[in-house]
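Close look at the chain arrangement
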Amino acid sequence: MAETNKIGKDIEIKKKNRLKEFLESEFFFNYKRNIPAIIGTIIIIIFLLMATIGPLLVTQNPYNLSEIQLMDAYKPPAWVDGGEWKFPLGTDSQGRDILSSVVYGSRISLFIGLTGMLLSSFIGTVLGLAAGYFGGKIDSFIMRIADIQLSFPATLIALFIMSIAGRGIDNLLIALTLVGWVIYARTVRGATLSEKKKEYVEAGKVIGLPSRKIITKHILPNVMTSMIVIATIQVGTFILTEATLSFLGVGVPVTRPSLGLLVKNGFDVLFSGLWWASTFPGLFIMLLVFGINMLGDFLRDELNPRLK
Amino acid sequence: MVEKLLEVKDLKTYFHTFKGIVKAVDGVSFKLNKGEILGIVGESGGGKSVTGFSILKLIDDPGKIENGEILFNGENLVNKSEKEMKKIRGSKISMIFQDPMTSLNPLYTIQQQIGEVLKIHTNMNAEQRKQRCINLLDDVGIPQPEARLKSYPHQFSGGMRQRAIIAAALAAEPELIIADEPTTALDVTIQAQILRLMKKLVKEKNTSLLLITHDLAVVAEMVDRAIVLYCGQVMETGKIDDLIHQPIHPYTYGLLNSIPRLNDQKKRLSQIEGMVPNMFELPKGCNYAPRCDYCQERCLKEEPKIREIYEGHRVSCHYPLSREGSHE
Amino acid sequence: MFKYITKRLYQMILVLFVVSIIVFFVMSFTGDPVLMMVTPDATQAQIDRARTELGLDKPLITQYFIFVKNILRGDFGKSYVFKQSAIKLIIERMPATLELVFVSVLLSIIVAIPLGVFAGAFPNKRSSKTIMLGSLLGISLPNFWVGMMLIFVFAVHFRVMPSSGRGEVVNFLGMRISIFTADGFKHIILPAVMLSIQSLAILLRLTRAGMMEVMKQDYIKFARSKGVLQNSLLFQHALKNALIPVITVFGIQIGKIIAFATVTETIFSWPGMGKLLIDSINRSDRPVMVAYLMIVAFIFVLLNFIVDIVYTSIDPRIDLR
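Not measured: the values here are computed from a predicted model.

So, how was this worked out
- Residues numbered from 1 in each chain as written.
- Chains lettered and ligands numbered in written order.
- Predicted model: local features only at pLDDT ≥ 70, side-chain atom pairs only at ≥ 80, totals over all residues.
- Helix = DSSP H or I, 4+ residues; strand = E, 2+ residues; numbered from the N terminus.
- Rg over C-alpha atoms; globule rule 2.2 N^0.38 Å.
- Buried ≥ 20, exposed ≤ 12 C-beta atoms within 10 Å, placed from the backbone.
- Contact = placed C-beta atoms within 7 Å.
- Core = buried A, V, L, I, M, F, W, Y, C linked by C-beta atoms within 7 Å.
- pLDDT = per-residue confidence, 0-100.
- Nonpolar A, V, L, I, M, F, W, Y, C, P; charged D, E, K, R; others polar.
- Pairing = 2+ DSSP bridges.
- Axes fitted to C-alpha atoms, helices over the stretch in contact; angles between N-to-C directions.
- Domains from an automatic or database assignment.
- Parallel < 35°, antiparallel > 145°, perpendicular 65-115°, else oblique.
- Left-handed = near helix turned anticlockwise from the far one by under 90°.
- Expected span 1.5 Å × (residues − 1).

The next thing to look at is the overall build of chain B. A tally of helices and strands in chain B yields twelve helices and twelve strands. Against the compact-globule benchmark of 20 Å for 328 residues, chain B has a radius of gyration of 21 Å, which places it among compact chains. Projected onto the principal axes, the alpha-carbon positions of chain B cover approximately 65 × 50 × 45 Å. Put simply, chain B has 328 residues, and 43% of those count as buried. Long-range pairs, those at least 24 residues apart, make up 63% of the contacts in chain B with a sequence separation of at least 6.

As a further point, take the overall build of chain A. Each helix and strand in chain A was counted, giving twelve helices and zero strands. Going from the N terminus to the C terminus, chain A shows its helices and strands as α-α-α-α-α-α-α-α-α-α-α-α. Structurally, chain A occupies a C-alpha span of about 80 × 55 × 40 Å along its principal axes. Buried residues in chain A amount to 45% of all 308 residues. Counting only contacts in chain A whose residues sit at least 6 apart along the sequence, the fraction spanning at least 24 positions is 69%.

Attention now goes to the nonpolar core. Residues Ala 167, Leu 210 and Leu 211 of chain B are the most contacted members of the largest nonpolar core, which totals 240 residues. If near-sequence neighbours (up to four positions away) are discounted, Leu 210 of chain B is found in contact with Leu 32, Leu 38, Ile 40, Gly 52, Leu 176, Ile 178 and Ala 179 of chain B.

In this section: the confidence of the model for chain B. Fine structural detail should not be taken from predicted coordinates in areas where pLDDT scores are low. Residue and element names in this part refer to chain B. Per-residue confidence for chain B gives a mean pLDDT of 87; residues scoring 70 or more make up 94%. The low-confidence segment residues 324–328, where pLDDT is below 50, has ten contacts with residues more than four positions distant or belonging to other chains. This prediction of the complex comes with two scores: 0.86 for pTM and 0.88 for ipTM.

On the chain A side, the residues contacting the 33 residues of chain C number 34 residues. Looking at which element gives the most residues to the side of chain C that touches chain A, the answer is helix 10 (residues 230–268) of chain C, with seven residues. A per-class count over the side of chain C that touches chain A returns 26 nonpolar, six polar and one charged.

A few words now on the interface of chain C and chain B. How big an interface is tends to be stated in terms of accessible area lost as the parts join. Facing 19 residues of chain C, the contacting portion of chain B comprises 25 residues. Breaking the side of chain C that touches chain B down by element, the ones donating at least two residues are helix 9 (218–225) and helix 10 of chain C. With seven residues, helix 9 of chain C is the largest single contributor of residues to the side of chain C that touches chain B.

In a beta sheet, neighbouring strands pair by backbone hydrogen bonds and run either parallel or antiparallel. All names here are of chain B. Pairing in this open sheet of four strands is antiparallel, and the strands run 2-1-4-5 from one edge to the other. Pairing within the sheet leaves two strands with one partner each, and these edge strands are strand 2 (20–33) and strand 5 (75–76). Across the sheet, helix 1 (residues 48–55) is in contact with strand 1 (4–17), strand 2 and strand 4 (63–72); its angle to strand 2 comes to roughly 65 degrees.

Before going further, it helps to examine the domain arrangement of chain A. When cut into domains, chain A gives domain 1 (1–33) and domain 2 (43–307). Each of domain 1 of chain A and domain 2 of chain A has a C-alpha centre, and the two are 33 Å apart.

It is worth spelling out the packing of helix 7 (residues 158–170) of chain B against helix 8 (residues 188–205) of chain B at this point. Residues and elements named next belong to chain B. Put simply, helix 7 and helix 8 touch, their axes get as near as 11 Å, and they point 15 degrees apart. The angle between helix 7 and helix 8 places the two elements in the roughly parallel class. For the pair helix 7 and helix 8, the sense of crossing is right-handed. In contact with Gly 159, Gln 162, Ile 166 and Leu 170 of helix 7, helix 8 contributes Ile 190, Ile 194, Met 198 and Leu 201. Its residues assigned to classes, the contact of helix 7 with helix 8 comprises six nonpolar, two polar and no charged.

To continue, consider the sheet that holds strand 9 (residues 225–230) of chain B. Residues and elements named next belong to chain B. Pairing is mixed in the open sheet, where eight strands are placed in the order 6-7-8-3-9-10-12-11. Of all the strands in the sheet, the pair left with one neighbour each is strand 6 (93–96) and strand 11 (307–310). Across the sheet, the mean angle from the axis of one strand to that of its neighbour is 20 degrees, orientation sign disregarded.

Residue and element names in this part refer to chain C. Summarising the element assignment, Val 103 is placed in helix 5 (residues 86–121). Each C-alpha atom, one on Val 103 and one on Ser 196, is 8.5 Å from the other, the two residues being 93 residues apart in sequence. The contacts of Val 103, once residues within four sequence positions are left out, are Ile 179, Ile 188 and Ala 192.

Right, let's talk about the packing of helix 5 of chain C against helix 11 (residues 273–282) of chain C for a bit. Residue and element names in this part refer to chain C. Helix 11 packs onto helix 5 with a crossing angle of 130 degrees between their chain directions and a minimal axis gap of 7 Å. Relative to helix 11, the element helix 5 lies oblique. Along the contact surface, helix 5 presents Leu 89, Ile 90, Arg 93, Met 94 and Thr 97, while helix 11 presents Met 273, Gly 274 and Leu 276. Of the residues assigned to the contact of helix 5 with helix 11, the class counts are five nonpolar, two polar and one charged.

On to unusual backbone geometry, then. Residue and element names in this part refer to chain C. Phi at Lys 83 is positive, roughly 55 degrees, even though this residue is not glycine. Mapping Lys 83 onto the fold places it in the loop between helix 4 (60–72) and helix 5. Taking the number of C-beta atoms within 10 Å as the measure of exposure, Lys 83 has 7 and is therefore exposed. Even without glycine at this site, Ser 269 takes up a positive phi of about 45 degrees.

Before going further, it helps to examine helix 4 (residues 110–121) of chain B. Residue and element names in this part refer to chain B. Given a rise of 1.5 Å per residue, twelve residues ought to cover 16 Å, and the 18 Å separating the end C-alpha atoms of helix 4 matches this to within 8%. Within helix 4, nine of the twelve residues are buried, which leaves the element mostly enclosed by the surrounding structure. Next to the buried residues of helix 4 lie helix 5 (126–139), helix 6 (145–148) and helix 7.

Here helix 4 of chain C is 13 residues long and its end C-alpha atoms lie 18 Å apart, about the 18 Å a rise of 1.5 Å per residue gives. Looking one or two residues beyond helix 4 of chain C, the residue adopting positive phi is Gly 74 of chain C, at roughly 80 degrees.

So, about the environment of Ile 96 of chain B. Residues and elements named next belong to chain B. Positionally, Ile 96 belongs in strand 6. Distance in space between the C-alpha atoms of Ile 96 and Leu 5 is 19 Å, their sequence separation being 91 residues. Other than its neighbours up to four places away in sequence, Ile 96 contacts Ile 165, Ile 166, Ala 169, Ile 177, Ala 179, Asp 180 and Pro 182.

It is worth spelling out the pairing of strand 1 of chain B at this point. Residue and element names in this part refer to chain B. Where strand 1 and strand 2 come together, eleven bridges link them in antiparallel fashion. Residue pairing across strands places His 16 opposite Ile 21, the latter belonging to strand 2. Linking strand 1 to strand 2, which pair antiparallel, is a turn of two residues. Relative to strand 4, strand 1 runs antiparallel, the two sharing eight bridges. By the bridge assignment, Lys 12 is partnered in strand 4 with Asn 67.

Attention shifts here to the environment of Phe 24 of chain C. Residue and element names in this part refer to chain C. Position of Phe 24 relative to the elements: it lies in helix 1 (residues 2–29). When the 18 C-beta atoms within 10 Å are taken as the criterion, Phe 24 is described as partly exposed. The residues touching Phe 24, leaving out its near neighbours within four places in the chain, are Tyr 64 and Phe 67.

Here's what the structure looks like:
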């Protein structure tokens, strides 16, 4: 009993030390002084809260038709003449509360951005490891595809895929993964190749360790910092790509409006002076992506300045 | 009568970094006469290069010249504006860098890079500049100079590049050339050629040369006088013959003993124990004390002041070595 | 040099070949084009006849070779909607797009390079940090939204700029160009601003990164020790070196602008090939989509090729012989 207590304490001390080490590191020192990075973190936290508990706080579920009344349509934001505080950011042409729509929309945008990033990083890592580890034909096949793909803008490839596959969140995730894997694959492949040459892999082989195990065990920690930077920035890029596709009418379905689709819906009524229906969703996209990029930019400068 | 060209007085150049202040140059003083070759010697990290760059005021953030005077022809460079310094750089004082592989701009031809100095600092027209470039390349021993004008740096070998750099440094006939480890990056066989060339050109034109090097052997052949720097401070200064044959400071003695000698076969090459101290936490007393064979209690507490031992020979040590090379 | 160019040309053809395979097979596996062509009440016999006419009853491989053969003859089929040659529709609209892209690229270069040089040369200045934050905002902006805001502010609210269309066009070298007329110039400003923001920000960041890297180099310090003046130090010695990595990604940047022109053209009703693509997607007008993709792929490959040649000719260290 005492023994386990001691071990528990040891672990606790270790944890504390690690936290202390982190708080005293140059990384954290620079973070504390980097105002954009802090603002970015705050924005991201706010959006994550909005996506998780936001729906409980807002007045309306914009998908529930029974909560929407047409007579509330075209209400301007609360601080403008004719606005009410019931609809702080106004309503759209259907009488939907813009703030509620934005909260639900952020949820979808964030979900797509994060899931797309996770899928891309997973598939990209696997393919990169395969290319670097097996080499030869597999390597040149994967990398040739990556090269060709990189000479075309990602948005255009995604647009092409979506125009054939049709609207839908699942299709969007597929499209984003298909354009997003390349950067991970390249990073991981490069690291695998340089690691393969190192002596300890050879040494491991001599004593009979499967080099596959050595490589995965050593490479992944090595490329982790680069991956974190890439992944952070990619979430922002994906949110923008999704928004663009949805704006063009090939993104999310109308029943699950993301921020991008909300902007598009607002576009149709912009010329009749209903500016708030498109302004606020767009502003939220900008804030979210700006927040992610401010943090990502700091991470890149600190962790891996060589990445562009 | 010798004429004084440069006088550095109590120069302090500090770097303000995340971890604290690095006193790269900490109270360095020296004089340089016209036509004289002065060596600045010391281990890497001793503040030699920073001293050189300070004279041209090419110190970048987070570095800063904190204190001191740099009198060049009687004018204090420390007080000069950037605009005034630009007129001095290249025309009155020029510089030769350590690594010829990286000192030339890869995208410009040799002619462009030498001619640029003439373009900025003289009134020559294009034809005159071209002719001067040819003459300069010829002076520094580049064969077929005319054919080489349009070459790019990558088409030159390291030694050739350093010759081209010397040509650029000489182009506007400066009064002072600062050479920062000019041969360290070159092959041993080429080192001697380049040094001989530099000495010849400098003496011909009565130009002064400040030769920065970690290599006492280089200094011995080249210079008239030398100063020994350690951790940003002057340890010893004097005529080169005195320094080589009768070093007074234990550090100079240590440096000399770590040079391999062909005629000396019996002894193992000695070295100075330990490493250059962490620049953030310099020792309290003499900076060299922790590595000094002759360290006494006083050395650990009190910082020694530089003093003249005899005419022209100054040292910063509480217990200088006697003239015979043993301790007092 | 000749050998290098032939090698690159061979690579170009290979890429286009791969793209044609992907486009063809992806298109073949999704939806039945015959159903798009016949009237809803067509009989089975009519459908079969249409299928034979289109060659869709043949094996896929044969169809692919017919597809390639037709492409090489410049025949991408007829638009289902316009009942016209798809390639002709795109070529007709290409000048409008290229004009918009050209102005945007020019705008980004003119703004991004000086700002990038400044921010890279003096990274610690407050103004540099502001520029960098601004460029970060630039890449964070949903650009369709920026277009809409521009329309709302300048066209709807202040009514100083036109909100859509291309304005008056004149003939120039056989193309219909609008920028040379006052009206056309007015029409292109907003879309060009919208389209240039993102690439401007990216170009600025790349230039700055390149400058920061170059400013650390010995040859910059050597140039300074020669007394080189500030402007020539930054814009000649440093910028030329800093631009080499920038140029390598410039092709893909222009490609991005062409891709995003689809969005801009949709918002500003700019009669270019991008708007045609979006309209065709919404109407499932497959031949036009295929034609657009193949042409744009060709443009991209060509751009990358040109960029490579420019890059190799700027850097004397690359010897192609």
